[in-house]
Amino acid sequence: MATTTEKVQEAKPSLGSRISNEMFIVLLMIVVLVLLIITAWIFVPGFAQVQTLVNLITNNWYIIIIGIGVTFLLITKNFDLSVGGVIAMTGVLSVYFSQAANVSQNPLANGLGLPYPIAIGLALLCAMGIGLINAFFVVRLHVPSIIVTLGTMMVARGIGQVVTQGAQRNTSLPDEFGLIGNIAIPNTTVKISVVIMIVLVIIAFIWERKTVGGRRTYFIGANSDAARLSGVGVTRHLTLLFILSSFLAGVTGVLLASEFKAGISSRAMGYEFDALVVSLLGGVSIMGGFGSVLGMFVGALILSVVQSAATGLLLSPEWNFILKAVAVFIAIMAQGYFLRRRAG
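In short, a report on the structure. Values in this document were obtained by computation on a predicted structure and should not be read as measured data.

Calculation notes
Residues numbered from 1 in each chain as written. Predicted model: local features only at pLDDT ≥ 70, side-chain atom pairs only at ≥ 80, totals over all residues. Heavy atoms only, no water. Helix = DSSP H or I, 4+ residues; strand = E, 2+ residues; numbered from the N terminus. Buried < 20%, exposed > 50% of the residue type's maximum accessible area, 1.4 Å probe, protein only. Contact = heavy atoms within 4.5 Å. Phe/Tyr/Trp six-rings, centres within 6.5 Å; stacked < 30°, edge-to-face > 60°. Polar contact = N/O pair within 3.5 Å; in protein donor to acceptor, adjacent residues only side chain to side chain. Axes fitted to C-alpha atoms, helices over the stretch in contact; angles between N-to-C directions. Parallel < 35°, antiparallel > 145°, perpendicular 65-115°, else oblique. Left-handed = near helix turned anticlockwise from the far one by under 90°. Nonpolar A, V, L, I, M, F, W, Y, C, P; charged D, E, K, R; others polar. Core = buried A, V, L, I, M, F, W, Y, C linked by side-chain atoms within 4.5 Å.

1. Points about the side chain of threonine 252
- Within the secondary structure layout, threonine 252 lies in helix α13 (residues 234-260).
- Taking relative accessible area as the criterion, threonine 252 reaches 0% and is therefore assigned buried.
- Among residues more than four places away in sequence, those in contact with threonine 252 are Trp61, Tyr62, Ile65, Ile66 and Ile87.

2. Section: the packing of aromatic side chains
- Inspection of every chain in the model, using the stated rule, returns seven aromatic pairs.
- Plain terms: the ring middles of phenylalanine 136 and phenylalanine 137 are 5.5 Å apart, the flat faces sit at 85° to each other, and that makes the pair edge-to-face.
- Measuring from ring centre to ring centre gives 5.2 Å for tyrosine 337 and phenylalanine 338, while their planes differ by 75°; the resulting arrangement is edge-to-face.
- Phenylalanine 338 gets classed as partly exposed once you look at its relative accessible area, which sits at 35%.
- Taken together, the ring pairs in this structure connect Trp61, Tyr62 and Tyr271 into an aromatic cluster.

3. Looking at the side chain of threonine 217
- With respect to the secondary-structure elements, threonine 217 resides in helix α11 (residues 212-222).
- In this structure threonine 217 comes out as buried when scored by relative accessible area, which is 1%.
- Here the side chain of threonine 217 touches glycine 213 through a polar contact of 3.1 Å, landing on its backbone oxygen.

4. A look at the packing of helix α6 (residues 83-98) against helix α7 (residues 116-140)
- Here α6 crosses α7 at 150°, and the two axes come no closer than 8 Å. Relative to α7, α6 is oriented roughly antiparallel. In the packing of α6 onto α7, the handedness of the crossing is right-handed. For the pair formed by α6 and α7, the contact residues are Val86, Met89, Thr90, Leu93, Ser94, Phe97 and Ser98 on the first element and Tyr116, Ala119, Ile120, Leu122, Ala123, Leu124, Cys126, Ala127 and Ile130 on the second.
- Looking at the contact of α6 with α7 residue by residue, the classes come out as 13 nonpolar, three polar and no charged.

5. Considering the nonpolar core
- Core analysis: the largest hydrophobic core is formed by 88 residues, its most contacted members being Trp61, Ile66, Ile68, Met197, Tyr271 and Leu281.
- Residue contributions to this core peak at 12 residues, all from helix α5 (residues 61-75).
- If we skip the residues at most four places from it in the chain, leucine 281 touches Met29, Gly299, Ile302, Leu303, Ala327, Val328, Ala331 and Gln335.

Read these as layout, nothing more, since geometry by itself doesn't imply function.
This is how it looks when you write it as structure tokens:
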């Protein structure tokens, strides 16, 4: 007969059973990240440097910022493919609104001459307008989000093309325009954009885990009908998430335009798919109700390691597309396998 102590020990849950599936996947991806870094240290010349590790974060800050909004929407079973176009549009508009008025015969050198803070505010409002359009068609008219956001991506990028006449705007800008995108932490190469990214990730993680709104996001993704019957304002919540995603894309567009001191309509091509890739790598499920911002952040680091290793091995840039696809396939298969093993 088993003693009382033995029975208690048998009943005591293991560490693996005490953590949520989301955290389990995050920990799994962290292990994968560490293994990839060790492998790259061994096989990639020059990878074992402090600056290389710093670059893993600093080189992908823009993907992580837009990945926050994309992750929240994926958790609710929705896509946002418009973020790349919104980045381009917001960057172009921030330049156009800031450029001095009537200073040149070149139309691309003339803007509205608005004060810089007002110009940025208006550009961000335009970005949020795209999010509102997305929400209207998806939430009110029940059009699939992948179709709506694909359309608004082209609309946003088209606005950028019209304003720049298919080129770019980079003259007649006030001195303060390039500050926020180029200021770095003293004695480092880390720009303020990276700090903004880290702050946004922390805020998003706290909101996701510690607030009612964060839990509602998962509830809606798991079963939107049950959430609605339980009194959750599904329409309002999804609308806010679409606006948030476009706002974050707008912030990214403003920061990139400031960094390069130019509004380029072709900027951020494919960023929407990179944001989707890092979310999936981090364990976010397109079936809804599962995933986390922390997982997305780890997924971005994994993608960064893969791309940096490919560059160190002198692979051509075209290989990045294949590497991204392989990484996503392996990640999804591995995550599914380990979750099934965990469920018994």
